[in-house]
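Here are the chains, one letter per residue:
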Amino acid sequence: MLSAKRLFQEILGNDESFRLFCSIAAGGEAQGGWENGRIAALVPHSQRALAPKIARHGADEDKHGRIFTALLRRRGLTPCPVPPETDYTMLLERRGIGLAHDRLARQEPLTEGDLVVYLAHSRVTEQRAGEQMRLLLRHFAGHPEIGRAVRVIAHDEDNHLAYTHEELLRLAAAGHGRLILRTLRACALAEIRVHRDVSLAVTARMGRILGWPRPRAALLAAGIHTVYAWERLAGWRRMVALRMPERRDALGGPAPAPAAEYA
């Protein structure tokens, strides 16, 4: 009754719940695209070789936002406003995770320390994104409506995670190891709290849309709290470990040419 596949099938089968899901996802991806674009423009001279990879990361995030918008359009739906309590990226910023928007809006170049903050934030959030997309990939890779979108985004998220591992290890070898470890830990502990809060908010809204009975909604909320308890105890450590990826230079080279239709 409470399997991830069954829950997402319910969301997918209802226009209003699907509209909310895609709107939340599209908004977060678009924000990520803007952030990466600004960071690429402000990379310090000592790290200019990193700028094209950051720009590629931003281009991928923009692409993902268009994918979710295209999925809505194919159903004849338009995006809805994203409820503030479900805005994962903005809630992370309010907790001081990542580079603040007012910092990115200025024309002042970033420092190498700023890049550590950016890459640590990306490493943690891409871990979460990769896990969520692998779950969808397992159940919906062949789905006629969303299968292609799931495959494209899952591939990109794997690239993003590989890139953050490789670049953080490079910066650690250059003398930033202690800062990286401190920043990763702070990011991970903040992210698991925000993920819990956003999951509870999204689940509550989906429950109202889909008419879930109170016992079911309560059981889902209890499951979210249980996952948080495990992550707070030990699970956060998977978000801070660094290892050289098999997929090296995952964001090297030019970004792929935009396609007219992703979904």
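Residues numbered from 1 in each chain as written. Predicted model: local features only at pLDDT ≥ 70, side-chain atom pairs only at ≥ 80, totals over all residues. Heavy atoms only, no water.

Named according to an unreviewed UniProt entry, the chain is Ferritin-like domain-containing protein originating from Streptomyces sp. 900105245.

**Things to note about the overall build of the chain**
The criterion, for reference: Numbering of helices and strands runs from the N terminus; a helix is a DSSP stretch of H or I covering at least four residues, while a strand is a stretch of E covering at least two. Atoms counted for the radius of gyration: C-alpha only. Globule rule: 2.2 Å times residue count to the power 0.38. Only protein chains enter the accessibility calculation, which uses a 1.4 Å probe. A residue is then buried if its area is under 20% of the maximum for its type, exposed if over 50%, and partly exposed in between. Contacts are assigned to residue pairs that have any heavy atoms within 4.5 Å of one another. Calculation of accessible area relied on Shrake-Rupley with a 1.4 Å probe; when residues are assessed, cover is drawn exclusively from the protein chains displayed. In this tally, Asp and Glu contribute negative charge and Lys and Arg positive charge; neither His nor the terminal groups of the chain are included. The atom standing in for a charge is NZ when the residue is Lys, CZ when it is Arg, CG when it is Asp and CD when it is Glu.
A count of helices and strands for the chain gives eight helices and zero strands. For a compact globule of 263 residues, the expected C-alpha radius of gyration is about 18 Å, and the chain comes in at 18 Å, within 12% of that figure. The principal-axis extents of the C-alpha atoms in the chain amount to approximately 55 × 45 × 35 Å. Within the chain, the fraction of its 263 residues that count as buried is 50%. Pairs at least 24 apart in sequence give 84% of the contacts found in the chain among residues at least 6 apart. As displayed, the chain has an accessible area near 12600 Å², and 58% of this comes from carbon and sulfur atoms. Distance between charge centroids for the chain: 4 Å, based on 38 positive and 29 negative side chains.

**Examining the environment of aspartate 158**
Along the chain, the position of aspartate 158 falls in helix H7 (residues 147–210). When the C-alpha positions of aspartate 158 and arginine 178 are compared, they lie 26 Å apart, and in sequence the two are 20 residues distant. Not counting residues up to four positions away in its chain, the partners in contact with aspartate 158 are Arg134 and Arg247.

**Examining the packing of aromatic side chains**
Note the cut-off: A pair of aromatic rings is counted whenever rings of Phe, Tyr or Trp (Trp by its six-membered ring) have centres within 6.5 Å, and the orientation is called stacked for planes under 30 degrees apart, edge-to-face for over 60 and tilted otherwise. Placement of a positive charge over a ring is assigned whenever Lys NZ or Arg CZ falls within 6 Å of the ring centre and within 35 degrees of the normal to the ring plane.
Counting across every chain of the model gives three aromatic pairs. Relative to phenylalanine 21, the ring of phenylalanine 8 lies with its centre 5.0 Å away and its plane at 75°, an arrangement referred to as edge-to-face. You can see phenylalanine 8 sitting in helix H1 (residues 4–13) and its partner phenylalanine 21 sitting in helix H2 (residues 15–42), a full 13 residues away along the chain. Judged by its relative accessible area of 8%, phenylalanine 8 falls in the buried class. An aromatic cluster is present here, built from Phe8, Phe21, Phe68 and Phe140 joined pairwise through their rings. Sitting over the face of the ring of phenylalanine 18, arginine 75 holds its NZ or CZ atom 4.1 Å from the ring centroid. Arginine 185 extends its terminal NZ or CZ atom over the ring of tryptophan 236, reaching a point 5.1 Å from the ring centre.

**As for the pattern of salt bridges**
Basically, it comes down to this: Put simply, a salt bridge is a Lys or Arg side-chain nitrogen that is within 4 Å of an Asp or Glu carboxyl oxygen.
Within the structure shown, the criterion is met by 20 salt bridges. With a closest N to O distance of 2.8 Å, aspartate 15 and arginine 75 form a salt bridge. Separated by 60 residues along the polypeptide, aspartate 15 in helix H2 and arginine 75 in the loop between helix H3 (51–74) and helix H4 (88–94) bring together distant segments of the chain. Aspartate 15 gets classed as partly exposed once you look at its relative accessible area, which sits at 38%. Here arginine 75 falls in the partly exposed class, since its relative accessible area comes to 23%. One salt bridge connects arginine 134 with aspartate 158, and the closest N-O pair in it is separated by 3.1 Å. Here arginine 134 is found in helix H6 (residues 112–140), whereas its partner aspartate 158 is found in helix H7, with 24 residues between them in sequence. Taken together, the shared-partner salt bridges connect Arg128, Glu131, Glu191, Glu231 and Arg238 into one network.

**Thoughts on the packing of H3 against H6**
Rule in force here: A fitted line through C-alpha atoms represents every axis, and for helices the fit uses only the stretch in contact; the resulting angles, taken between N-to-C directions, go from 0 to 180 degrees. Working rule for angles: under 35 degrees goes down as roughly parallel, over 145 as roughly antiparallel, 65 to 115 as roughly perpendicular, anything else as oblique. Should the near helix be turned counterclockwise from the far one by less than a right angle, the crossing is left-handed, whereas a clockwise turn marks it as right-handed. Residues are grouped as follows: nonpolar covers Ala, Val, Leu, Ile, Met, Phe, Trp, Tyr, Cys and Pro; charged covers Asp, Glu, Lys and Arg; every other residue, Gly included, is treated as polar.
Orientation of H3 relative to H6, taken along the N-to-C sense of each, is 40°, at an axis distance of 13 Å. When the axes of H3 and H6 are compared, the pair comes out oblique. Like other packed secondary-structure pairs, H3 and H6 cross with a definite hand, here left-handed. Where H3 abuts H6, its residues Ile54, His57 and Glu61 lie against Leu115, Tyr118, Ser122 and Glu126. A breakdown of the residues in the contact of H3 with H6 according to their chemical character gives three nonpolar, two polar and two charged.

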